[in-house]
Amino acid sequence: MTAVLDSLAALGSWINAHALLPRLPLWSYALITLADTHVTSACVTLYLHRAQTHRSISFHPLVAHLMRFWLWVRTAMPTREWVAVHRCHHANVDTPEDPHSPIVFGIWRVVLFGTSLYHTAAHDRAVIEQYGKGTPDDAIERRVYTPLSLLGPTLTLGSNVWIFGSWGIAMWLFEMAWIPFFAAGVINGLGHWWGYRNFETPDHSRNLPGQYWSLLTCGEALHNNHHHIQNSPRFAMRPGELDPGYWYFCALKALKLARARQESQVAVAIALLLLLTSASALAQPPATPGSKEPPQAVEPIDDALKYRDSVEVVGVTPIHGIGLPIVKVPSNVQVTTAADIAGRPGAQIGDVLVSGFGSVHGNEVQSNPFQPDIQFRASADAIRSRRTSRCPRTPRISSGPGTRRSAFSAKPTMCSARSFGTGDS
Ligand SMILES: [Zn+2]
Ligand SMILES: [Zn+2]
């Protein structure tokens, strides 16, 4: 035993003799380690979560790759796996299909063994196939980052030892445990179990109380806020809430190295044909001059029926394929319903789409205001639509004097769709 300790002491001395900074004050190593883990947290929330998973922001390709590289050497987590597991979480939140819900697995299992739950989902081919779309798939990803994922932390160990000597080993252990503890344990566990709720989301998500949680996780602790608006670049939504991740995004944006996804870039899916079907149901004959028919009042629409005739615009990029229930799409979904349109007397269907939906554009190049061209940019597999034929009532619109009676008399004559690239930025 003594011989082993002597050997380790000799090895430590040899390492320190060849290291660059082996004798800094102890607090220096602690501070450097905290800064290191903070960068890792920032990369997780900015690159993996906000940019890659929810597509709410994007970065200059160089910045994006720097974060990708940092995550490789600090966490060994391939982008596609992280993104897929997290989208799966949003799609099945707090159900048995959720990879790491404390409501299903129990809080202690998620907090203490969250990494194991994560890896189970990350190695589920079906999960990766369904939810991992749109993540980097270039040569370095295929040849290095994914197949050699453990090489990254090994390089970190080597560089730590080379720079800080034997203290570098302790720093490495702390750095390697950071994300498994705070992401897989604290956020995935406590974020659905303990804390306060700003919004009554249909899940158990919570904001962890105390600003230190947000500082440590770069804003990820505001988990209820995030579940409420999943594709918001900013997680802080109440006075006093801190979101360092958003601060860093704003700093990068000021340097023109990052930007929020603009409406014009949102991949749009619109059920125009079904709109026209709805339109025909809503259209009424024009008023006959002198007619004594009393104006018809707007009929109330049952909430249960409200969304049966609807237009749904799903952003941002193709992520799930066809068939995912609308409430499970971890992205923004723009919806207008027959009731909404009926509540805007005088609005043509083209007006509603152009003024209210992102990535929808209209023009009247054919000089016919009743037959405008409607164009939208859409991702081919993001198109979805819904209309049931069971709606027993047809919404009506007011037909008072001066009111255009047919809200849907305009028929879009041309639609165009283009697919977007889904790469890094
Ligand atoms: Zn969650
Ligand atoms: Zn999320």
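All values reported here derive from a predicted model rather than from experimental measurement. (Residues numbered from 1 in each chain as written. Chains lettered and ligands numbered in written order. Predicted model: local features only at pLDDT ≥ 70, side-chain atom pairs only at ≥ 80, totals over all residues.)

1. Considerations on the overall build of the chain
A count of helical and extended segments in the chain gives 17 helices and seven strands. When the 425 residues of the chain are sorted by exposure, 40% land in the buried category. In the chain, the proportion of contacts linking residues at least 24 apart, taken out of those at least 6 apart, comes to 72%. (Helix = DSSP H or I, 4+ residues; strand = E, 2+ residues; numbered from the N terminus. Buried ≥ 20, exposed ≤ 12 C-beta atoms within 10 Å, placed from the backbone. Contact = placed C-beta atoms within 7 Å.)

2. Some points on helix H2 (residues 26-53)
Between its first and last C-alpha atoms H2 spans 38 Å; for 28 residues at 1.5 Å apiece the expected length is 40 Å, and the two agree. Just downstream of H2 lies arginine 55, where phi reads positive at about 60°. (Expected span 1.5 Å × (residues − 1).)

3. As for the nonpolar core
The biggest cluster of nonpolar side chains holds 47 residues, and the ones touching the most others in it are Tyr47, Leu71 and Val85. Of all elements in the fold, only H2, strand S1 (57-59), helix H3 (61-75), helix H4 (79-91), helix H6 (107-122), helix H7 (125-131), helix H10 (167-190) and helix H13 (244-254) reach the threshold of two or more residues within this core. Examining the composition of this core, we find that eight residues originate from one element, H10, more than from any other. Discounting chain neighbours no more than four positions away, the residues touching valine 85 are Pro99, Tyr118, Ala121, Ala122 and Val127. (Core = buried A, V, L, I, M, F, W, Y, C linked by C-beta atoms within 7 Å.)

4. Points about the packing of H2 against H13
At a minimum axis distance of 9 Å, the contact between H2 and H13 shows a crossing angle of 75°. By the criterion of interaxial angle, the relationship of H2 to H13 is roughly perpendicular. Across from Ala42, Thr45, Leu46 and Arg50 in H2, the residues of H13 making contact are Gly245, Tyr248 and Phe249. By residue class, the composition of the contact of H2 with H13 is four nonpolar, two polar and one charged. (Axes fitted to C-alpha atoms, helices over the stretch in contact; angles between N-to-C directions. Parallel < 35°, antiparallel > 145°, perpendicular 65-115°, else oblique. Nonpolar A, V, L, I, M, F, W, Y, C, P; charged D, E, K, R; others polar.)

5. Things to note about unusual backbone geometry
The phi angle at aspartate 94 is positive, at roughly 60°, despite the residue not being glycine. In this structure, aspartate 94 sits in the loop between H4 and helix H5 (102-105). Phi is positive for cysteine 218, close to 60°, though the residue is something other than glycine. With respect to the helices, strands and loops of the structure, cysteine 218 is situated in the loop between helix H11 (211-217) and helix H12 (223-228). The class of cysteine 218 is buried, set by 26 C-beta atoms lying within 10 Å.

6. Description of the confidence of the model for the chain
Looking at the chain as a whole, the pLDDT averages 77, with 61% of positions reaching at least 70. Per-residue pLDDT stays below 50 along residues 283-310; that stretch engages in 44 contacts with residues further than four places along the chain or on separate chains. Note on residues 379-425: pLDDT under 50 across the span, and 124 contacts to partners over four residues away in sequence or across chains. (pLDDT = per-residue confidence, 0-100.)

7. Side note on H13
Burial in H13 covers these residues: Pro244, Gly245, Tyr246 and Phe249. Residues of H13 that are buried sit in contact with H2, S1, H11 and strand S2 (258-260).

8. Some points on the environment of threonine 45
If you trace the backbone, threonine 45 turns up in helix H2. Residue threonine 45 is classed as buried on the basis of its 25 C-beta neighbours within 10 Å. Separated by 174 residues in the primary sequence, threonine 45 and glycine 219 have C-alpha atoms spaced 7.8 Å apart. Setting aside residues up to four positions removed in sequence, threonine 45 forms contacts with Arg50, Cys218, Gly219, Glu220 and Gly245.

9. Points about the packing of H2 against H3
Direction vectors running N to C along H2 and H3 enclose 125°, while the axes themselves pass 9 Å from each other. Classified by the interaxial angle, the pair formed by H2 and H3 is oblique. In this structure, H2 crosses over H3, and the sense of that crossing is left-handed. Packed against H2, whose contacting residues are Val39, Thr40, Cys43, Val44, Leu46, Tyr47 and Leu48, the element H3 presents Ala64, Met67, Arg68, Trp70, Leu71, Arg74 and Thr75 at the interface. Residue composition of the contact of H2 with H3, grouped by class: ten nonpolar, two polar and two charged. (Left-handed = near helix turned anticlockwise from the far one by under 90°.)

10. Some details on the environment of leucine 155
You can see leucine 155 is positioned in helix H9 (residues 151-164). Along the chain, leucine 155 and tryptophan 72 lie 83 residues apart, while their C-alpha atoms are 9.8 Å from each other.

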